[in-house]
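Given next are the chains, with one letter for each unit.
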Amino acid sequence: MGGTCCKSDAGPEEGEERMITVASGNEGFRDNCIVSSKYVLWLPLHYRFFIWKNLFEQFHKVANLYFLLMSGLMQIPGISPFGRWPTLLTLIGVVIVSMIKAVHEDVKRHRDDAKKDGTEVKILKDGEWTTVTWKDVKVGHVVLIEHHDSDVHDKGRTGVPVPADIVLISTSEGTNGVGYVETMDLDGETNLKPKSVLNFESVPGMPDNEIERKHYFMDAKRAGSEPLNNSSLKCDSPHADLTKFWGSLTIAGKEVPIDIHNVMLRGARMSKTEAAVGIAVYTGHDTRLGNNMREPRTKMSRLDRLTNIRLLLIFGIQLFICIVSAIGFRAWRQDHGSDSYYLDFPSDSADAAAVSFFTFFILYGNLIPISLYVSMEMTKMIQGRFIVRDLAMYDETKDLPANVKTTDINDELGAVAHVFSDKTGTLTQNVMQMFKFNCDGETFGTGITSIGKSRAERMGGTTVDPRPARVIDSQTWPLYDERIQDWDTGKRVWASDMPPVTSTEIRKMFETLAVCNTIVPSGGGARPASKRGVSVGLLEAESPDELALVTAAGEMGVALAEADQEKKVVEMHRSVVPSAERNATEDEWIRTTWKQLAVIEFDSDRKRMAVVARKHDPSHPHGGTIHLFMKGADNVMEPLLMSYDKGWKTPEMVQNYVEGGRNWAAGADETETNQREVWMKENKWKTLKNYSNWLEAGRGYKGKQKLMEHMEELEAAKTAEFYQTWWATHDKDVADTGIDLSEQGLRILYIARREVPEREWETWGVEWTQAIKIVSEDDRNAAKKGLAAQLEQDLALVGVTAIEDKLQAKVPETIASLREAGIKVWMITGDKKTTAINIGHACLLLDKTLDDPTSDPPINPIELDGEGKDKAQIIKDLDKAHALATKRKQEGVDYAVVITSSALKVIFAPDDDVGKQKSSFDDCSGEAADKLYDITFEAKSVIVARATPMQKAQVVNMIKSRNEWNVTLAIGDGANDVAMIQQAHIGIGIKGLEGGQAAAQSDYAIGQFRFLHRLLFVHGRWNYRRLALFYCYFFYKNAVLSFSLFFYNFLNGFSGQPLYDMWVVAGFNVSWAALPVITVAIIDRDIVNTNNLHNFPLLYKHGRMNHDYTSRRMAQWYMNAVFHAILCVYIPVVATLEANILDKDGRDYGLFHLGVLVYTNVVLCVTLKLALHVSSWTWLHHIFFWCSFATWPIFLVLYGAVFFSYGTMNGELEDSASWAMFWMILITTMYACLTRDFVWRYISYRVMPLLPPSELETLIQGRVNEPGFRSSCTVRPMTLLKIVRLLDSAKDGSSWEKPVELQDVHEPFNEDTVEAKKRMKDEARFGTFIGDCGISPKRNPNVQKKVKE
């Protein structure tokens, strides 16, 4: 098996578990060898021995079974007209070539496996650490993993590979007992993840000191004695889910729970940890790595599926002409049998006809090409190499070339009808930076994003960015607001220049960001340096969002300095700390330690994260106050905030809240207290921004009594109506803030916190500790979920962050081109609807033809929202939407559709339970899904907001399953896109900052979204047209050969007498008629200048609408083959009969003289026919065409000389070539066969009117940039193809390299760069073969080296 790893929903079955005795090698489990190879090379009796397994695979192909049947029939005496061996030996040759290719690839896997199995590691044996190899590690062994500075593995990556799935029991790391691992080979993520040592607290025999417990088993003698020596471990059975593990270690009578945070998985690398000790629980193929290994997926393209259907039709044609020939044989025998007694026919004419049927079946066997599959595989493999070596798709920023993992669907790239795209990291850069934030009711940060500009243009607003040019051009820190910071010097002024209430809220927000995260800092953490935008140290983040938030907090003077699973150390710059809280020293950065009490992790269902931490304060009775810090998506956070609906209806309730637990700080200085009192007395607290702070940040007042006195002074505070009005205003303002920021295309997160009373923590903390110790994973998760719901409520919103994620380069141009090519584009994102719509406009997924509220009448997308609706209501909405979509289609107006996750949840839910999700994305049936398909299938663009990973896959499957011939393509960059990528016909992975899992599970991997343009419009289109010609020609050439034998049988009484020697027929498919078509399928280009392919997307419709491989096109090729076969046979027959030619010995012109002439006609005819279809001749074309044709006469001469006694065609070529009539017949036949083809192609491309004269003149003069010209030349794909070929053939090619505007709204694609010009010169010098791969042999050796890797 070979493959890569992915997260899977598959988990352990309920009740299944394995029992392990610790510190001994347990028998009955798999060994620790992972076999990624496909075959066994040296054990003939093994079921995976390469000969048996490869033969089994090859004879699953229908054509190979067909020729095996043919070979069997040929062994029956008296049936085969070609003897027994030609077809069998040819089949053996084809099978051997495929087998050698497969084994060659597998040998590399064997070497990699042997290298890994031989890696050394230490295990506990007889109380000592003993060095063994990985393959010797068994379940239950105690393993020591040691890190050395010299350890460097695999392309410079540092870290020690983990040899098995290991439960961590000790580490050498500091005081926290944590080991760090990098899991890129498992899930594609490059950040470090902490793994915790098991909690051995209260275990008899273990040290009381916590630090000593975490290091206890590092000593071999301790590890080999009590209490570990007699312990046992139980855990779930092996499965593929990288995120789940349940189990427990029974040690000294105590049961210690184990979860995934205590497990280092094989495939991970231990880093920043000197040594770690663990218990091997899974080995070999039982590990998560082994369970995730899959056979490479076999996909079949649309052309291949059509080819299989046509093979069946051709087989039917073969049976038909065999029946016709058998009937002809019987009729001829009945008419001439008595006169032909010397032919020794069987006495029973019915038996003779039956036998003759099988003779004809073998005679016409070449109608199905024996070398079709091997030629196709070779062609696609080389096409894939050209994609990999294309310098135009090399991402220099990531040092990443394109990667091809599935060459079977190269032609499918040229036939895509639907593109499903993720947003973050796919359309955007996934390089997050805080652009704005809202705090205390005010929004800080100026400027306008590219997405905001797009919205402003659409709504008629201002598009001017007020920030200085140096800020706009900066790639490091886009947040600019003079109220909070001097951008040039980095000096923070928000703490000194703003009202104390506002500055307090800002400080609280950034403190929350610094504590509520999973980031691992090193070398100084997030503290900013003096130079703008550069941070000291490194931050290992699980997501770009977290990295942006913590980096922004550091810029604002609240830096995360240290972090582990037990504590967070936050450093605040002296300028942002209130004077009362500054320590006595003059330190520039003041440290605060937060003890991390509990972490409620982020997941795709919660969409939020929470941290409970205690602020270190020795003077506090309990060691410090406890706070709950939270951040999350707006839609999940809003219900958790304090609101009027939760009962804050009377002043008494507010008083009870104050009296019940807010810890009013008593350390504010007098100046700050006086300022707040002035604000209160001036009634400014009645406004939203100050009342919120008064309620939550009134800590500066000396006790609650003074606060109550102010409440009594203010008459408005005594009425419930005031609170109701205020909270309604509060809720609306919070929502409006999020909407305003999201409309600028910014990613919104709500930041909230509250103080947790000591009494509440005492109860909740005990329950949480008990919950995380539950052994059953399902029960543990349910308990944690319930406890989280108890704690996460009545939160105070301290801020709203707005993060900018810029669009990648040329995303708008790419999407506009996809739409112009007729491809339906879907954007499926987890963002809220307003954000998704605005990003849709910025990337030209939506334009004014699809969404223009300022037009008269307004044009709006069709929206489907399922919030609070059941299936019946959704179906009514779908009916209305369908009626509107039908009306727009009838009016010839394009439309777009916007769908929310809530609508999809109802649409894809089982009919009997709307609240329940279907268990698999393969099931997207139902009335509602059918209606949604009818609406969206014809939509020009579709946006899906708030989508989950399963919903992404469901919408792809909805389109794919209902119209299998429409090719779907899914593109994404994260683990949440894997299901969508695997579900589509073509999966494209972008290797980005979210890791490489999407790229690992894809068919093709690229560095940026813009490369999709070249992948589809250049490589995809070329490969589709090449392979369409390849298939048509392959069937055509074999039909000419086989039908020549069929028509010859009309002249020989349907006797089944072959016209050609058996080995000449066998060589037709593997030699002189095979190489030219492979050459064309690899390097031919109908449009040479790739600029024209970029700038005329309509050309892509050839593949999308399958113009080149229709049934009509195939029938034309086949009829042409029949016509050519007739001419190739009857012109020589008629000519030689009339000429009465004699050979050099005075004999009549014989059977094999005629056979040589007819066969030469066939070879020359099919070769010249293919030459007429070559679009761009290079020296490689000439070599393979003419040298391949020349091998036919060379073979015939050598064949006659070597097999003089047996050759049936010995000397015939020399005799024939000496006759002038022979050459006259060849010329006449070629003229008769190909004149029609030549004239038709010339007329269709050169003579027939292409455009009206004025437009054609515009084109020829090179004025293709003029507005409106593009629309005038997009009437028919075939017409445009002819136009662009004129561009290619222009003598002055420079005019055609000028950029052509795409819809006159965005910058065009062009390759008019120094690098592109070099590539064009290379193409001229080395031909298309080199130009296609994009890399000159004489240029850029460093890139070549990277591409080869």
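For the structure itself, consult the block above.
Note that the coordinates shown come from a computational prediction; the quantities given were computed from them, not determined experimentally.

1. Some words on the side chain of Asp481
Position of Asp481 relative to the elements: it lies in the loop between helix H12 (469-473) and helix H13 (494-497). Side-chain polar atoms of Asp481 contact the backbone nitrogen of Gly445, separated by 2.8 Å. With residues near it in sequence (within four places) discarded, Asp481 still touches Phe444 and Gly445.

2. As for the sheet that holds strand E12 (residues 247-251)
Read from one edge of the open sheet, four strands run E1-E11-E12-E13, paired in antiparallel fashion. Strands with a single pairing partner mark the edges of an open sheet, and in this sheet they are strand E1 (17-21) and strand E13 (254-258). Across the sheet, the mean angle separating the axes of adjacent strands is 20 degrees when strand polarity is ignored. The pairing of E12 with E13 spans five bridges and is antiparallel. Within E13, the position partnered with Gly247 by the bridge is Ile258.

3. Details of a nonpolar patch on the surface
Residues Trp85, Leu89, Ile92, Ile96 and Ile100 make up a contiguous nonpolar surface patch of roughly 480 Å² in combined accessible area. Its place among the elements puts Ile100 in helix H3 (residues 86-117). You can call Ile100 exposed: its relative accessible area is 55%.

4. A look at the environment of Leu628
Structurally, Leu628 is set in strand E27 (residues 626-632). Ignoring sequence-local partners within four residues, the contact set of Leu628 consists of Ala610, Val611, Val612, Ala752, Arg753, Arg754, Val756, Leu791, Glu792 and Leu795.

5. Notes on the pattern of salt bridges
Pairing is possible between side chains that carry opposite charge, provided their charged atoms lie close to one another. Using the criterion set out here, one finds 36 salt bridges in the structure. Salt-bridge contacts for Arg30 lead to Asp286; the nearest nitrogen and oxygen are separated by 3.7 Å. With Arg30 in the loop between E1 and helix H1 (50-58) and Asp286 in the loop between strand E16 (275-282) and helix H7 (288-292), this residue pair connects regions lying 256 residues apart in the sequence. One salt bridge in this structure joins Glu863 and Lys833, with 2.9 Å as the shortest N-O distance.

6. Structural notes on the nonpolar core
Tyr364, Phe1030, Phe1043, Tyr1060, Phe1068, Tyr1109 and Tyr1159 are the most contacted members of the largest nonpolar core, which has 101 residues in total. Per-element tally for this core: the top contributor is helix H32 (residues 1011-1048), with 19 residues. Excluding its chain neighbours within four sequence positions, the residues that come into contact with Tyr1159 are Leu1041, Tyr1060, Val1064, Phe1068, Trp1072 and Trp1192. Of all hydrophobic cores here, the second largest spans 56 residues; its members include Val139, Ile166, Val167 and Ala223.

7. Considering the packing of helix H10 (residues 372-388) against H32
At a minimum axis distance of 12 Å, the contact between H10 and H32 shows a crossing angle of 165 degrees. As the angle between them shows, H10 and H32 are arranged roughly antiparallel. H10 and H32 meet at a crossing whose hand is right-handed. Facing Leu372, Ser375, Met376, Thr379, Lys380, Gln383, Phe386 and Ile387 of H10, the residues of H32 in contact are Leu1015, His1019, Asn1023, Arg1026, Leu1027, Phe1030, Tyr1031, Phe1034 and Phe1035. Class assignment of the residues belonging to the contact of H10 with H32 gives a composition of 10 nonpolar, five polar and two charged.

Thresholds applied
Numbering of residues starts from 1 in every chain and runs along the sequence as written. Where local features are concerned, this predicted model is filtered to residues with pLDDT of at least 70; where side-chain atom pairs are given and counted, the filter is 80 or more; whole-chain, interface and lining totals use all residues. Side-chain calculation: all heavy atoms of the structure are included, whereas hydrogens and water are not. We count a stretch as a helix when DSSP gives it H or I for four or more residues in a row; a strand needs E for two or more, and each element gets its number in order from the N terminus. Two N or O atoms count as a polar contact when they lie within 3.5 Å, although within protein this holds only if one can serve as hydrogen donor and the other as acceptor, and sequence-adjacent residues are included solely when both atoms are side-chain atoms. In what follows, residue pairs with any heavy atoms lying within 4.5 Å of each other are defined as contacts. Two strands are counted as paired when DSSP detects at least two bridges linking them. Interaxial angle, 0 to 180 degrees, is taken between N-to-C directions of lines fitted to C-alpha atoms, where a helix line uses only the stretch in contact. The patches described consist of residues with a relative accessible area above 30% and no salt bridge, like charges being joined within 9 Å and nonpolar side chains (Val, Leu, Ile, Met, Phe, Trp, Tyr) within 5 Å. The method behind every accessible area is Shrake-Rupley, applied with a 1.4 Å probe, and residues are considered shielded solely by the protein chains displayed. Here, a salt bridge means any side-chain nitrogen of Lys or Arg that lies within 4 Å of a carboxyl oxygen of Asp or Glu. Only protein chains enter the area calculation, which uses a 1.4 Å probe; residues under 20% of their type maximum are buried, those over 50% are exposed, and those in between are partly exposed. Each nonpolar core is a collection of buried residues, namely Ala, Val, Leu, Ile, Met, Phe, Trp, Tyr and Cys, held together in the definition by side-chain atoms within 4.5 Å. These descriptions rest on fixed angle ranges, namely under 35 degrees for roughly parallel, over 145 for roughly antiparallel, 65 to 115 for roughly perpendicular, and the rest for oblique. Here a crossing is called left-handed whenever its near helix is offset anticlockwise from the far helix by less than a right angle, and right-handed whenever the offset is clockwise. Throughout this entry, Asp, Glu, Lys and Arg are counted as charged residues, while Ala, Val, Leu, Ile, Met, Phe, Trp, Tyr, Cys and Pro are counted as nonpolar. The remaining residues, Gly among them, count as polar.

The values are spatial; any link to function lies outside them.
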